[in-house]
Amino acid sequence: MEKIQKGTVKNIEKIAKDTFKIEIQSNVKNAFAGQFISILCPPKTLRRPFSIRGYKDGVIEVFFKLKGEGTNYIKSLKIGDNIDFLGPLGQGFRVENKRVLLVGAGIGIAPVLFLKDELNKKNVQSFLISGFKDDDEVIEGSDKTVVGGSVVDYLPELIEKFKPDVICSCGPHIVLKLISELAQKYNIEAQVAMEKVFACQIGVCRGCVIQIQKDGKVQNATICHDGPVFLGSEVVWN
Ligand SMILES: Cc1cc2nc3c(=O)[nH]c(=O)nc-3n(C[C@H](O)[C@H](O)[C@H](O)COP(=O)(O)OP(=O)(O)OC[C@H]3O[C@@H](n4cnc5c(N)ncnc54)[C@H](O)[C@@H]3O)c2cc1C
Ligand code: FES
């Protein structure tokens, strides 16, 4: 069983329309971009998963967008309040000294911003493009921000200019599918951080299974435990 972590709210602030940043002081020793934490949001019994936006000295940063009871519970927390979570969970992005094109759609910008920080520390070249529906939803921190249109439309030109070895992305299913197709066309690796509604969060309930193709065989994989980051070329897209 994954260890339950007890943390306290260090800071909570609004960063865009219906979108907040929370910093959690914890005893967590390390975290990597693409991993997530799963927060208990009473009276809900099923924890809510959130990508890790940043990590430093035990402080875990998360961006969350208001959806329902769980995210409204997190918004109601005050500095110093206790917070109960699992994690860091899951497999993150794996990029070693590659030129990385980062793509974040909507709140999906959170894990790619974390990856950008990690790459900057290692002096690895990256370029981050993000897309949002409206001006008031924009989360800062990208090299290029697209408002209103599809972020995918800007990728062919960026690929030609930036010549990435790998594209790392997070966002809605359809965006990840289109990015994977584009990456295959340009013969570039794609890593996609996938999402589904989670129940157990630890690979047991099988509620978040997708199909992946490996060595010519189609097999099941759980997003929460085997992912959330997968190679775009391995995912059986539907
Ligand atoms: C691996 C992973 C990483 C995530 N990272 C983030 C993040 O960094 N920031 C963030 O704001 N959200 C993130 N999410 C989504 C987040 O978990 C949901 O928005 C949250 O659980 C909603 O909880 P709620 O109780 O407020 O809403 P609920 O009352 O549970 O749901 C409200 C509405 O949101 C829909 N919904 C719930 N969960 C999801 C989901 N996973 N995907 C799409 N729709 C959903 C429901 O179907 C319903 O329509 C992530 C999800 C996963 C699986
Ligand atoms: S949520 Fe239970 S296996 Fe992934």
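Whatever comes next refers back to the structure up there.
Break down a positive patch on the surface for me, with residues and values.
Together, Lys14, Lys17, Lys75 and Lys78 give the surface a local cluster of positive charge. One can find Lys17 in the loop between strand E1 (4-16) and strand E2 (19-25). Given a relative accessible area of 38%, Lys17 falls into the partly exposed group.

A description of the sheet that holds strand E12 (residues 189-193) should follow, citing residues and the corresponding values.
Strand pairing within a sheet occurs via backbone hydrogen bonds; the two strands may be parallel or antiparallel. If you walk across this open sheet you meet the six strands as E10-E9-E8-E11-E12-E15, and the pairing is mixed. Among the strands making up the open sheet, the edge pair consists of strand E10 (144-147) and strand E15 (229-231). Sheet twist, expressed as the average angle between the axes of neighbouring strands with direction ignored, equals 20°. Across the face of the sheet, helix H2 (residues 109-121) comes into contact with strand E8 (100-105), strand E9 (126-132) and strand E11 (166-170) while running at roughly 165° to E9.

How would you sum up the sheet that holds strand E7 (residues 82-89)? Please name residues and give values.
Across the sheet, which stays open at both edges, the seven strands sit in the order E4-E3-E7-E1-E2-E6-E5 with antiparallel pairing between neighbours. The sheet terminates laterally at strand E4 (48-51) and strand E5 (54-56), the two strands that pair on one side only. Averaged over all neighbouring strand pairs, the angle between strand axes comes to 35°, with direction disregarded. Its contacts with the sheet place helix H1 (residues 69-76) against E1, E2, strand E3 (36-39), E4 and strand E6 (59-65), and it is angled at close to 130° to E6.

Account for unusual backbone geometry, naming residues and giving values.
For the bond from Pro42 to Pro43, the omega torsion is 10°, close enough to zero to count as cis. Looking along the chain, the bond that leaves Gly227 and enters Pro228 is cis, with omega of 10°. Within the element layout of this structure, Pro228 appears in the loop between strand E14 (217-222) and E15. The backbone of Asp18 shows a phi angle near 55°, a positive value even though the residue is not glycine. As for its position among the elements, Asp18 is in the loop between E1 and E2. For Lys163, which is not glycine, the phi torsion reads 45° and is therefore positive. Relative to the helices and strands, Lys163 resides in the loop between helix H3 (155-162) and E11.

Quick rundown of the site of ligand 1? Include the residues and the values.
In the region of ligand 1, 17 residues are neighbours, and Pro49, Lys65, Gly68, Gly70 and Thr71 sit closest. One of the backbone N or O atoms of Gly70 is found 2.8 Å from an oxygen atom in ligand 1. Within the side chain of Glu195, one N or O atom sits 3.0 Å away from a nitrogen atom of ligand 1. Contact with the protein chains removes 74% of the 870 Å² of surface that ligand 1 exposes when unbound. Listing elements by their share of the shell around ligand 1, those giving two or more residues are E4, E6 and H1. Per element, the largest residue contribution to the shell around ligand 1 is four residues, and it comes from E4. Tallied by class, residues from the shell around ligand 1 come to seven nonpolar, four polar and six charged.

A description of the environment of Lys56 should follow, citing residues and the corresponding values.
In this fold, Lys56 is placed in strand E5. The exposed category is assigned to Lys56, whose relative accessible area is 60%. Spatially, the C-alpha atom of Lys56 lies 31 Å from that of Ser180, the residues being 124 residues apart in sequence.

Account for H3, with residues named and values stated.
Residues of H3 that are buried include every one of Leu155, Leu158, Ile159 and Phe162, and no others. With its buried residues spanning 100° around the axis, H3 presents them on a single face. Exposed residues pointing more than 90 degrees away from the buried face of H3 are listed as Glu157 and Lys161. Along its buried surface, H3 packs onto E8, E9, E11 and helix H4 (173-185). Following H3 by one or two positions, Lys163 adopts a phi angle in the positive range, close to 45°.

Calculation criteria
- Residues numbered from 1 in each chain as written.
- Chains lettered and ligands numbered in written order.
- Predicted model: local features only at pLDDT ≥ 70, side-chain atom pairs only at ≥ 80, totals over all residues.
- Heavy atoms only, no water.
- Patch = residues over 30% accessible without salt bridge, like charges linked within 9 Å, V, L, I, M, F, W, Y side chains within 5 Å.
- Areas by Shrake-Rupley, 256 points an atom, 1.4 Å probe, with all protein chains shown as cover.
- Salt bridge = Lys/Arg side-chain N within 4 Å of Asp/Glu carboxyl O.
- Lys, Arg positive; Asp, Glu negative; His and termini not counted.
- Charge placed at Lys NZ, Arg CZ, Asp CG, Glu CD.
- Helix = DSSP H or I, 4+ residues; strand = E, 2+ residues; numbered from the N terminus.
- Buried < 20%, exposed > 50% of the residue type's maximum accessible area, 1.4 Å probe, protein only.
- Pairing = 2+ DSSP bridges.
- Axes fitted to C-alpha atoms, helices over the stretch in contact; angles between N-to-C directions.
- Contact = heavy atoms within 4.5 Å.
- Near = heavy atom within 4 Å.
- Polar contact = N/O pair within 3.5 Å; in protein donor to acceptor, adjacent residues only side chain to side chain.
- Nonpolar A, V, L, I, M, F, W, Y, C, P; charged D, E, K, R; others polar.
- Arc of directions from axis to C-beta.

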